[in-house]
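Residues per chain, in single letters:
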Amino acid sequence: GASRIATLQDPLALSPTEAIASAVLVRSDRRDLRQLTDLKGQRLVAVNENAFGGFQVAWREMKAVGLDPQADTASLRFVGFPMRGVIQALRSGEADAGIVRACLVENLVQQGLARADEFEVLNAQSGTYPCRRSTRLYPDWPFAALKHTPNELAKRVATALLAMPRTADGHAWTVPTDYQPVRELFRELEIGPYADLRERSLAGVLRRHWPWLALALAALLGGAMHSLRVNRLVDKRTAELRQAL
């Protein structure tokens, strides 16, 4: 029931519709890690399971190459905010790869907190985006009104946001953009408003009810083995009876 009334405009982004991306980082000395499929069996860190630029955007790219970050990696650990925790895990060797929002590394380099050659970005994408990235681009954050929000209040807030001058670092609000790419990501990953698709699919049913399904399978196997044993005993006794007669 929420509706968008404005979209954040980042000065570094190409446009509000092409603003958010993720970078999958590895240390430059890890010559064995050069593409997303190389992450199989490796230790992966990210910000949070529900972080859009800090996990979900990269998750979609991994799924596209047949990699499940939850099942195919040696471990998947969420370090929370600030996002620099991912950088620290890579530097200390606690992780083999990490997911951050694009432009974080460039900002750290500009602040003198990282070297430009310290990290490699897997699955590097081409284009005019100002930062290295591993994923496609998505629209920036929306300012939304809930279903029960009075229309007059939503109108006043939207007017105030659009009239705000740019901040010192160049951020501003603009008219709401199209969030269809975000919906497609949610649908593909079966999360957010499409989480019920995961439960209805065969894989989702297996994940949710596997203990009961395993018990039922064991009961069926036990019943089949018992039936086979009874049939063999009947055949044996019948043969013995025939021989006795």
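Every chain is numbered on its own, with residues counted from 1 as its sequence reads. Reporting of local features is limited, given that this is a predicted model, to residues whose pLDDT is at least 70; pairs of side-chain atoms are given and counted only at 80 or more, and all residues count toward the totals for whole chains, interfaces and linings. Computation of side-chain values: all heavy atoms of the structure, hydrogens and water removed.

Draft legend 1. Expanded view of the state of the cysteines. Disulfide assignment relies on a single distance test, namely cysteine sulfur atoms paired within 2.5 Å. The final tally for this structure, using the stated rule, is 1 disulfide. Each sulfur of the disulfide joining C103 and C131 lies 2.0 Å from the other. Where C103 bonds to C131 through sulfur, the torsion about that S-S bond is close to 100 degrees, and the disulfide is right-handed. Of the two residues, C103 sits in the loop between β5 (97-101) and α3 (104-110) while C131 sits in the loop between β6 (119-121) and β7 (142-145), which places them 28 residues apart along the sequence. C131 carries the same exposure label as C103, and that label is buried. For helices the rule is a DSSP run of H or I covering at least 4 residues; for strands it is a run of E covering at least 2, with both sets numbered from the N terminus onward. Exposure classes here rest on a 1.4 Å probe applied to the protein chains alone. A residue is buried below 20% of its type maximum, exposed above 50%, and partly exposed in between.

Draft legend 2. Broad picture of the packing of aromatic side chains. Each Phe, Tyr or Trp ring, with Trp reduced to its six-membered ring, pairs with another whose centre is within 6.5 Å; inter-plane angles below 30 degrees give stacked pairs, above 60 give edge-to-face pairs, and intermediate values give tilted ones. Applying the stated rule across the entire model yields 5 aromatic pairs. Aromatic side chains F52 and F186 sit 6.4 Å apart centroid to centroid with 75 degrees between the ring planes, which places their arrangement in the edge-to-face category. In this pair, F52 sits in helix α1 (residues 52-64) while F186 sits in helix α5 (residues 180-189), placing the two residues 134 residues apart along the sequence. In textbook terms, an aromatic cluster arises when at least three aromatic residues are bridged by ring pairs, as seen for F52, Y138 and F186.

Draft legend 3. Looking closely at the pairing of strand β3 (residues 43-46). Direction of pairing for β3 relative to strand β4 (residues 75-78): parallel, over a ladder of 4 bridges. Bridge pairing in β4 places L44 opposite L76. Seen with its strands pointing away from the viewer, a crossover is right-handed when the path leading from the first strand over the helix to the second is clockwise. Tracing the backbone out of β3, into α1 and back to the parallel element β4 gives a crossover that is right-handed. In short, DSSP must find at least two bridges between two strands for them to pair. Inspection of the sheet shows β3 paired to β5 by 2 bridges, in the parallel sense. Bridge pairing links V45 to G98 in β5.

Draft legend 4. Representation of the environment of D68 within the structure. Here D68 shows up in the loop between α1 and β4. Separated by 29 residues in the primary sequence, D68 and L39 place their C-alpha atoms 9.8 Å from one another. Contacts described as polar in this section are N or O atom pairs within 3.5 Å, which, within protein, must combine one atom able to donate a hydrogen with one able to accept it, while residues neighboring in sequence count only if both atoms come from side chains. Engagement of the side chain of D68 in a polar contact is seen with the backbone nitrogen of Q70, the distance being 3.0 Å.

Draft legend 5. The sheet that holds strand β8 (residues 172-174), seen in detail. Pairing within the open sheet is antiparallel, and its 3 strands lie in the order β7-β1-β8. Strands with a single pairing partner mark the edges of an open sheet, and in this sheet they are β7 and β8. With strand direction ignored, the average angle separating the axes of adjacent strands in the sheet is 30 degrees. As paired strands, strand β1 (residues 3-9) and β8 are joined by 3 bridges and run antiparallel to one another. Across the sheet, T7 pairs through a bridge with T174, a residue of β8. Residues count as neighbours in contact if any of their non-hydrogen atoms are within 4.5 Å of one another. To define axes, lines are fitted to C-alpha atoms, for helices over the stretch in contact only, and angles between the resulting N-to-C directions are given on a 0 to 180 degree scale. Against the sheet, helix α4 (residues 151-163) engages β1, β7 and β8, with an angle of about 10 degrees to β1.

Draft legend 6. Geometry of the sheet that holds strand β2 (residues 22-27). If you walk across this open sheet you meet the 5 strands as β4-β3-β5-β2-β6, and the pairing is mixed. Looking at strand neighbours, the two that pair on one side only are β4 and β6, the edges of this open sheet. Neighbouring strand axes in the sheet, compared pairwise and without regard to direction, differ in orientation by 30 degrees on average. The strands touched by helix α2 (residues 84-92) are β2, β3, β4, β5 and β6; relative to β5, the strand with the most contacts, the crossing angle is about 160 degrees.

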